[in-house]
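Spelled out from the first residue to the last, the chains are:
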Amino acid sequence: ENLEPLMKHQSGGAEADAEQFDKIADSKGCGDSSKGPKSPRMESQEGKVRQLTRRADFFASRARYADALPLVDQALLLEPNRPELHLGRGQCLMQLDKLEEALTSFEAALRLDSQCISAQRNKALLLAKQRRWHDAILSFREALSVEPTQELRMELARCLTEHAIQLKASGHGDVQLFHEAIQACDSYAPAFFQLGVCYSEVNDSIKAKEMYRKAVQLHPGYVEALNNLGVACRELGEWEHAIEAYGMALKVNQNCSKTRENMAISLLQLGCRHLQRKELKEASKALKQGLSFNSRNADLYFNLGVLYAEKEKWDQAKVNYELASNFDPRHANAHNNLGVIHRRLGNPEAAMKCFESALEVDSKMNLASKNLGAIYGSMGRMDDAIRLTRVAIDSNRQDAEAYNNLALLLRDQCDVDACLENLDICISLEPESRHAGSNRLMSLNYQSERSREEVFEAHRSWGSCVESSVSQVFSWDGARGNSGPLRVGYISPDFYSHSVSYFIHSALKYHDPAFVAVTCYSDVAMEDDKTRQFKELVPQWRTICGRRDDEVAKLIYDDGIDILVDLTGHTGNNRLGVFARKPAPVCITWIGYPHTTGLTRMDYRISDEFADPKDAPGLTTEKILYLPECFLCYTPPETAPPVVLKPAQESYGCITFGCFNNLAKVSSLTIRMWSKLLHEVPGSRLFVKSKALACPKVQDKMRAAFAVHGIQASRLDLTGLQPQTGSHLHMYSFIDVALDTAPYAGTTTTCEALYMGVPVVTLKGRGIHAQNVGASLLSAVQLGDLVTETEEDFVKQAAACAKNLPRLAALRAGLRTRMLRSVLCDGPRHVARLERLYAGVISDLARSNTSLNIQESA
């Protein structure tokens, strides 16, 4: 408390102590009332007082204030008008914590001598000790008027600061008192600190930082000021300065938990900034350093998970998300992202649990609702999937992605009209949404009510918009003129166990390395055994997952590709934005999509005369390149089970028609046509297998659609997907004749049915490539009689085929062999024709001079 001691003793015994007491009493500014002539009696009295004060001083020097106090009281009885005795009494009482009595003594001393600076100072200190700041301030001001020392100024500043804090706590804050404290003593660091707190509370981080910095300059070891300086710097986004401030604080007290926590938070924020800037090395350093200060900070582990996911180090990302959710079980984002990793690693059950955990924390969490909805959708739990996706939309009506997801779920359950409505909302919210635009175009192919001209115009319009939005386009006036093999690039997100993989396999396996150098540009998010198999088949493999379209286009250009082949069209995760930049002299679309891309910079589309008859080809912005016989080549799965030789009707007692296509393909035209067939063949059944049919509500909807045409629900066998390819293919043994869809025919499902010995009946569509793919496939295996021109013909041929038991048995016994020997499965012959087609295109282009440049579009 900086109290004046009663006496200061020196070595030399009591006599020396007493002499020192007299000197101190005079030096403290209290006058001596005993001046002037003295009688013998007075001298005797003074001697007693001196003796008492000498003994009191002795006890006080040993901190025995309880023993000193009675002696001072005796001295006061003898000389009650000596101010220094009242001062000494007050000091003893103060040390004994008898503050009110001490205050009375100091005031008595001041009444006897108003200039007694020690009494005034001790009174002020006592008032401060009682937290009577207003009175203490007045007392220090009086003391300063007598003796303006730096020490008193400091004490006044302290009282002003404490008084301001007291008023602030009671709701009557007065910032002016902090300014007065600084005026009283501009070296009092706590006043600057408290001003900084006031500025922080009104979010004026710039002034707060200035005040904290001044406090630290005055008191370099001021831990609280250093901490708050760090906070102010964080608020200003000055992470490095914040870290510097916390580092200085930790040098003073390395065990301060609050400082360590703040340091970890600053390093977290610095790491997040680096993450946003894709500065992964710097982000990793900051986040890991943060863990050295707080190893239980869930956000540090979470962002390390984000970092490792960005680097596609999925196992390390998974571990850090697990740690984040362990240290903070209510970290919804950690649960969600861990679910995303599990899904990428092929563990949907674990992913589902993680998304559910996230929703337990936050039942309306947008991301987790969408992600769990997607998982449920992939499992065929359409009702749950749609409900969750609607929850995501309710939580954020501006979430374009949620409307896109909802649209695809609705399409999967054959509600294409509602799908298109939601895609339109998505596009209105995000006009540049590449995926939504392509999803809308693909969905148009499913609707039998739309004219081919309307569908084509939508594609053409989309292509025009995309091409006009691209700022950098490679311009070509001819072929590259490369020496050596023709450089062909295939770009796809489907180089894994996907339908496209069965049709690109032969082009990769049987390419002639002396004639064609193949580069695959893989946008596969989760590689599998099929991916690894493909990697071994080609000389160059480029992973482009996560890279921007302009980066990929530049990569392809730098690779010197002569012909770039799109295998996706408007199906999921396509890279048509790359083709809009024309990174190769020749761009071709093939396999993945049954319609035009709509891009004028896509030069060709590969087809055949069955899918696109020359007298009635599909409407397209590309020129059609015709392969002889069949434009596709199918590589059957190695895990296919053997054909069940007995026709289904012999095993189950009734004719069974079937279709395993995507349910969205089951259009109103298809339902009408199939219903006519079921009426034509009494007692027959229809077996439909599709993902969405795992949902009872979707089954009810499908039965209701057939009921409109008079088909009883009992004649329909509806089921969801099978988990394994082998079990899926085995289910073809349950049907006698497979029925194709229209206007969007099957491709992979048609090949699978044929490979399992089951004939397929298809309906051609004039000038509609998507509807004519079945005609191409059936013609390739000499089953052209099952290609029909009208609905009536479809019904007639399907009924006749189903009733021809000998033919069904013969097909079961020999169709697989016939298919394997046909052009449909003859990889070497198909690829030789394909590569000759490539050569012809380049030969035509090479007639013009090569001119390469990059132009900016207007």
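Everything that follows concerns the structure shown earlier in this document.
Now for a look at the structure at hand. (Residues numbered from 1 in each chain as written. Predicted model: local features only at pLDDT ≥ 70, side-chain atom pairs only at ≥ 80, totals over all residues. Heavy atoms only, no water.)

### Regarding the overall build of the protein
Okay, step 1: Scanning the protein from N- to C-terminus turns up 38 helices and 15 strands.
Okay, step 2: Here the protein has a C-alpha radius of gyration of 45 Å; the compact-globule value for 858 residues is 29 Å, and the former is much larger.
Okay, step 3: Referenced to the eigenvectors of the C-alpha coordinate spread, the extents of the protein come out at roughly 155 × 70 × 45 Å.
Okay, step 4: Expressed as a percentage of its 858 residues, the buried residues of the protein come to 55%.
Okay, step 5: For the protein, long-range pairs separated by at least 24 residues make up 65% of all intrachain contacts whose partners lie at least 6 apart in sequence.
Okay, step 6: Working note: accessible area of the protein is about 36,800 Å², and carbon and sulfur atoms make up 49% of it. (Helix = DSSP H or I, 4+ residues; strand = E, 2+ residues; numbered from the N terminus. Rg over C-alpha atoms; globule rule 2.2 N^0.38 Å. Buried < 20%, exposed > 50% of the residue type's maximum accessible area, 1.4 Å probe, protein only. Contact = heavy atoms within 4.5 Å. Areas by Shrake-Rupley, 256 points an atom, 1.4 Å probe, with all protein chains shown as cover.)

### As for the packing of aromatic side chains
Okay, step 1: If you walk through the whole model with that rule in mind, you get 16 aromatic pairs.
Okay, step 2: Plain terms: the ring middles of F495 and F534 are 6.2 Å apart, the flat faces sit at 90° to each other, and that makes the pair edge-to-face. Taken together, the residues span a long stretch of sequence, with F495 in the loop between β2 (486–492) and α26 (501–509) and F534 in helix α27 (residues 529–537) at a distance of 39 residues. Here F495 and F534 have matching classes, each one buried.
Okay, step 3: Linked through ring pairs, Y652, F660, F687, Y732 and F734 together constitute an aromatic cluster. (Phe/Tyr/Trp six-rings, centres within 6.5 Å; stacked < 30°, edge-to-face > 60°.)

### A closer look at the pairing of strand β13 (residues 760–763)
Okay, step 1: Residues V760 and T762 line one face of β13 and the alternating positions V761 and L763 line the opposite face, and both faces are buried.
Okay, step 2: In terms of strand pairing, strand β12 (residues 737–739) meets β13 through 2 bridges, oriented parallel. Of the residues in β13, the one forming a bridge with L739 is V761.
Okay, step 3: Relative to strand β14 (residues 787–788), β13 runs parallel, the two being bridged by 2 bridges. (Pairing = 2+ DSSP bridges.)

### Some words on the sheet that holds strand β10 (residues 685–689)
Strand pairing in a sheet is mediated by backbone hydrogen bonds. Such pairs are either parallel or antiparallel.
Okay, step 1: One open sheet accounts for 6 strands, arranged β11-β10-β9-β12-β13-β14; its pairing is parallel. In this open sheet, the two strands that pair with only one neighbour each are β11 (716–719) and β14.
Okay, step 2: With 2 bridges connecting them, strand β9 (residues 656–659) and β12 associate as parallel partners. Considered in β12, the bridge of G658 is made with A738.
Okay, step 3: Packing against the sheet, helix α36 (residues 791–803) makes contact with β9, β12, β13 and β14, and its axis sits at approximately 175° to β13. (Axes fitted to C-alpha atoms, helices over the stretch in contact; angles between N-to-C directions.)

### A closer look at the sheet that holds strand β5 (residues 563–566)
Okay, step 1: With respect to topology, 7 strands assemble into an open sheet ordered β4-β3-β2-β5-β6-β7-β8, the strand pairing being parallel. Each of the sheet's edge strands pairs with one partner strand only, and the pair in question is β4 (540–543) and β8 (623–626). Averaged over all adjacent pairs, the angle separating strand axes in this sheet is 25°, with direction ignored.
Okay, step 2: Where β2 meets β5, 4 bridges bridge the pair, whose relative direction is parallel. The residue bridging Y490 from the neighbouring strand is V565, located in β5.

### Remarks on helix α9 (residues 175–184)
Okay, step 1: Within the sequence span of α9, burial applies to L177, F178, A181, I182 and A184. One face of α9 carries all of its buried residues, which in axial projection span an arc of 160°.
Okay, step 2: Buried-residue contacts for α9 involve α8 (150–169) and α10 (189–201). (Arc of directions from axis to C-beta.)

### Let's talk about the pairing of β4
Okay, step 1: Pairing of strand β3 (residues 516–522) with β4 involves 4 bridges; the strand directions are parallel. Looking at β4, one finds that S522 is bridged to T543.
Okay, step 2: Of the crossover connections in this fold, the one passing from β3 over α27 to the parallel β4 is right-handed. (Right-handed = clockwise from strand over helix to strand, strands pointing away.)

### Side note on unusual backbone geometry
Okay, step 1: Backbone torsion omega between A742 and P743 reads 10°, so that peptide bond is classified as cis.
Okay, step 2: Here P743 is to be found in the loop between β12 and α34 (748–755).
Okay, step 3: Even without glycine at this site, D97 takes up a positive phi of about 65°.
Okay, step 4: Relative to the helices and strands, D97 is located in the loop between α4 (83–95) and α5 (99–112).
Okay, step 5: With a relative accessible area of 52%, D97 lands in the exposed category.
Okay, step 6: Phi at E312 is positive, roughly 60°, even though this residue is not glycine.
Okay, step 7: Relative to the helices and strands, E312 resides in the loop between α16 (298–310) and α17 (314–327).

### Here's the deal with the packing of helix α31 (residues 668–680) against α36
Okay, step 1: Look at α31 against α36: their axes get within 9 Å of each other, and the N-to-C directions meet at 45°. Our classification of the angle between α31 and α36 gives oblique. In the crossing of α31 with α36, the sense of the turn from one axis to the other is right-handed. For the pair α31 and α36, the contacting residues are L669, R672, M673, W674, K676, L677 and E680 in the first and E791, E792, F794, V795, A798, A799 and K803 in the second.
Okay, step 2: Within the contact of α31 with α36, the residues separate by chemical class into 8 nonpolar, no polar and 6 charged. (Parallel < 35°, antiparallel > 145°, perpendicular 65-115°, else oblique. Left-handed = near helix turned anticlockwise from the far one by under 90°. Nonpolar A, V, L, I, M, F, W, Y, C, P; charged D, E, K, R; others polar.)

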